[in-house]
Amino acid sequence: MDFSFLSQPAFSGGGTYLDWVFVGIKWTVLVSLCAWVIAFTVGSVLGVLRTTPLRWANGLASAYVELFRNIPLLVHMFIWYFVMPEIVPSALGTWMKQGMPMPEFWSAVFALGFYTASRVAEQVRSGIQSIPKGQTNAALATGLTLPQTYRHVLLPMGYRIVIPPLTSEFLTIFKNSSVALTIGVLELTAQARTISEYTFRTFEIFTLATVVYVLITLLVTVAMQVVEKRLRVPGYIGTGK
Amino acid sequence: MKYLARCLVALAATALFTGPAAAAELTGTLKKIKDTGVIKIGHRDASVPFSYLDDKQKPIGYGVDICLKIADKIKAELKMPNLKVEFVPVTSQTRIPILTGGNIDIECGSTTNSVERQKQVDFAPTYFVTGTKIIVKKSSGIKGYDDLKGKTVVFTQGTTNERAMKAYNDAKKLDIKFIPSKDHAESFLAVQTGRAAAFPMDDILLYGLKAGAKNPDDFVVVGEFLSDDPYAIMMRRDDPAFKKVVDDAVKGIYKSGEINKIYTKWFQSKIPPKGINLNFPMSDGLKEAIKNPNNTGVGPCGKMKC
């Protein structure tokens, strides 16, 4: 393996191939973090809705989850990028295609965010449902309203319980962000492919990309472990060590 | 133990008698084809009319026809009339790694023979000559490359046209915003939906895409040639025995004039799936390439210096 090509000047746009790799890392991280914000907020709301006694909210959230998690991510990307601008009013559609800055970036963020939201929702739901029913009843009996029960009893515990699966989901979003290359986001995998096209150093560049993905995900894992440790409730799960 | 010893002797004998003899006759790809009984042809899905899928998802096209002739020649050469022909789909990006990795033996698509690629693969004699132009919406009023200043241009990743367009952009400081896409159909979709103003591609492929559009008259192919792109069939490098068979097959159909029949079938007649006729007469460049078969490649930046 010979990595010297990384310091060579790139074919177009100035800079070296190593700069292209950094641009790729930048977009991978940006797409993933922005999508995670959407996934976490929307997913939390949906997860809560699925556990409430309100039937319509329950049905709505269930419908969302089943619809979004059963469509391949690649199709999500295509729908947001190619189909969305055609079905909204034509002035808005034209703006989405030509006026909006970085259309492929935002399409990727929305696609990845709303797709992952359906998975986060399921985890938040399972976290809440794993809390013994007695706690809800006790909270309501002490005079707390339903929102107060969620805010002070169910959610603080529920979130803590699902930190490990949420960590996996957070890692997955970094890896899934590579699908964004199909709609033209120049993230890490896309850059690796382009560089391999220009330099024919396929094995080297994909080895480098692999290492970078592993480093990013390790960093996330470590960070989430810290979060887990700080938030854990003594005597509850995940405190065995 | 006795059984094992006998096996070893038998193995050694087989190696002694068949091994060296076969190796002396056949090496590389020919040997691989003979051993596996399969010749693997790489094809494209949307390179009309060179290599694409018809409505039954079967690979067809000008390049595919020529490759089938090559397959016939290989069958004759190896005296294996029952050799199986297997089609493997490839894309602009995967074609070279798949070929060098050994999953296809020849690639029949719309691959430009470039000096850069010659470092990786070998090419059969040129079988088509085209060049980079752009397709735009007629209503956009774009007449040439300089009208693209500050606009968005979509390109298919891994094509020589990408390089030619970027080199032109750098040289003329047009400040074009580039968006990559994974195949020609998707790139053209970006132009159709107005996401990109232009799509640089080999002109013949642009005519093919235009002909397949819902309203072909809405689109127009404009510009001078940004690069000259000679198309050729790809095979692995440093395999002279195989290259000779392929070259001979191609030269054979040039010499016999059979190429004219194949050309007319794909460029001047109605072709599947929609029964359109490209009406694209044979260019002087191609006539010359047929008269004097060669595999000269194109430089890295089209007609721009780099």
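Residues numbered from 1 in each chain as written. Chains lettered and ligands numbered in written order. Predicted model: local features only at pLDDT ≥ 70, side-chain atom pairs only at ≥ 80, totals over all residues.

1. Comments concerning the overall build of chain A
Applicable threshold: Strands here are runs of E lasting at least two residues and helices are runs of H or I lasting at least four, both read from the DSSP assignment and numbered beginning at the N terminus. Residue pairs qualify as contacts under a 7 Å threshold applied to their C-beta atoms, which are placed from the backbone.
Of regular secondary structure, chain A possesses 10 helices and 0 strands. The order of α-helices and β-strands along chain A, N terminus first, is α-α-α-α-α-α-α-α-α-α. Taken over the C-alpha atoms alone, chain A extends approximately 70 × 55 × 25 Å along its principal axes. Pairs at least 24 apart in sequence give 73% of the contacts found in chain A among residues at least 6 apart.

2. Section: the nonpolar core
The condition is simple: We call a set of buried Ala, Val, Leu, Ile, Met, Phe, Trp, Tyr and Cys residues a nonpolar core when their C-beta atoms link them within 7 Å. Once C-beta atoms are placed from the backbone, each residue is buried if 20 or more other C-beta atoms lie within 10 Å of its own, exposed if 12 or fewer, and partly exposed for counts between those two.
In terms of nonpolar packing, the biggest core is built from 46 residues, with Ile-66, Cys-67, Ile-70, Ile-106, Ile-233, Val-246 and Val-250 of chain B touching the most fellow members. Take this core: its biggest share by element is 7 residues, from helix H4 (residues 62-78) of chain B. Formed by 39 residues, the second largest nonpolar core is a distinct cluster that contains Ala-35, Val-48, Met-77 and Ile-183 of chain A.

3. Points about the domain arrangement of chain B
To be explicit about the condition: Boundaries between domains were set according to an automatic or database domain assignment. All residues other than Ala, Val, Leu, Ile, Met, Phe, Trp, Tyr, Cys, Pro, Asp, Glu, Lys and Arg, Gly among them, are scored as polar; the first ten of these are nonpolar and the last four charged.
Here chain B is partitioned into domain 1 (24-129 + 230-291) and domain 2 (131-229). Of the residues assigned to the side of domain 1 of chain B that touches domain 2 of chain B, the class counts are 9 nonpolar, 7 polar and 1 charged.

4. Considering the pairing of strand E1 (residues 38-43) of chain B
Residue and element names in this part refer to chain B. Operational definition: For two strands to be treated as a pair, DSSP must find at least two bridges joining them.
Burial within E1 is extensive, with 5 of its 6 residues counted as buried. Both E1 and strand E5 (residues 84-89) contribute to a ladder of 6 bridges, which runs parallel. Bridging across to E5, Ile-39 finds its partner in Val-85. Here 2 bridges tie E1 to strand E6 (residues 106-107), and the two strands are oriented parallel to one another. Pairing of Gly-42 across the sheet is with Glu-107, part of E6.

5. A few points about the sheet that holds strand E7 (residues 121-123) of chain B
The mixed open sheet is built from 5 strands, whose spatial order is E5-E1-E6-E14-E7 (chain B). Looking at which strands have only one partner, the edges of the open sheet turn out to be E5 and E7 of chain B.

6. Topic: the packing of helix H9 (residues 188-199) of chain A against helix H10 (residues 202-231) of chain A
Residue and element names in this part refer to chain A. The test is simple: Simply put, an axis is a line fit to the C-alpha atoms, just over the touching stretch for a helix, and the angle between two N-to-C directions goes from 0 to 180 degrees. Put simply, angles under 35 degrees are roughly parallel, angles over 145 are roughly antiparallel, angles from 65 to 115 are roughly perpendicular, and the rest are oblique. Each crossing gets its hand from how the near helix is turned against the far one by less than a right angle, where anticlockwise is left-handed and clockwise is right-handed.
The interhelical angle for the contact between H9 and H10, taken along N-to-C directions, is 165°, at an axis separation of 9 Å. Our classification of the angle between H9 and H10 gives roughly antiparallel. Of the two possible hands of crossing, H9 and H10 adopt the one that is right-handed. In this structure, H9 uses Leu-188, Thr-189, Ala-192, Ile-195 and Ser-196 to contact H10, whose residues at the interface are Thr-202, Ile-205, Phe-206, Ala-209 and Val-212. For the contact of H9 with H10, a count of residues per class yields 7 nonpolar, 3 polar and no charged.

7. A word on the interface of chain A and chain B
Interface size is commonly expressed as the accessible surface area that is lost when the partners come together. Taken together, the contact pairs 18 residues of chain A with 17 residues of chain B. Going through the elements one at a time, helix H3 (73-87), helix H4 (90-99) and H9 of chain A are the ones with two or more residues in the side of chain A that touches chain B. At 4 residues, H9 of chain A tops the list of elements feeding residues into the side of chain A that touches chain B. Taken together, the residues that form the side of chain A that touches chain B break down as 6 nonpolar, 7 polar and 5 charged.

8. Considering unusual backbone geometry
Residue and element names in this part refer to chain B. The omega angle of the peptide bond from Val-48 to Pro-49 is -5°, so this bond is cis rather than trans. Mapped onto the secondary structure, Pro-49 falls in the loop between strand E2 (46-47) and strand E3 (51-53). Residue Pro-273 is reached from Pro-272 by a cis peptide bond, and omega for that bond is 0°. With respect to the helices, strands and loops of the structure, Pro-273 is situated in the loop between strand E15 (270-271) and strand E16 (276-277). Despite not being glycine, Lys-173 has its phi angle at roughly 50°, a positive value. Inspection of the secondary structure puts Lys-173 in the loop between helix H7 (160-172) and strand E10 (177-181).

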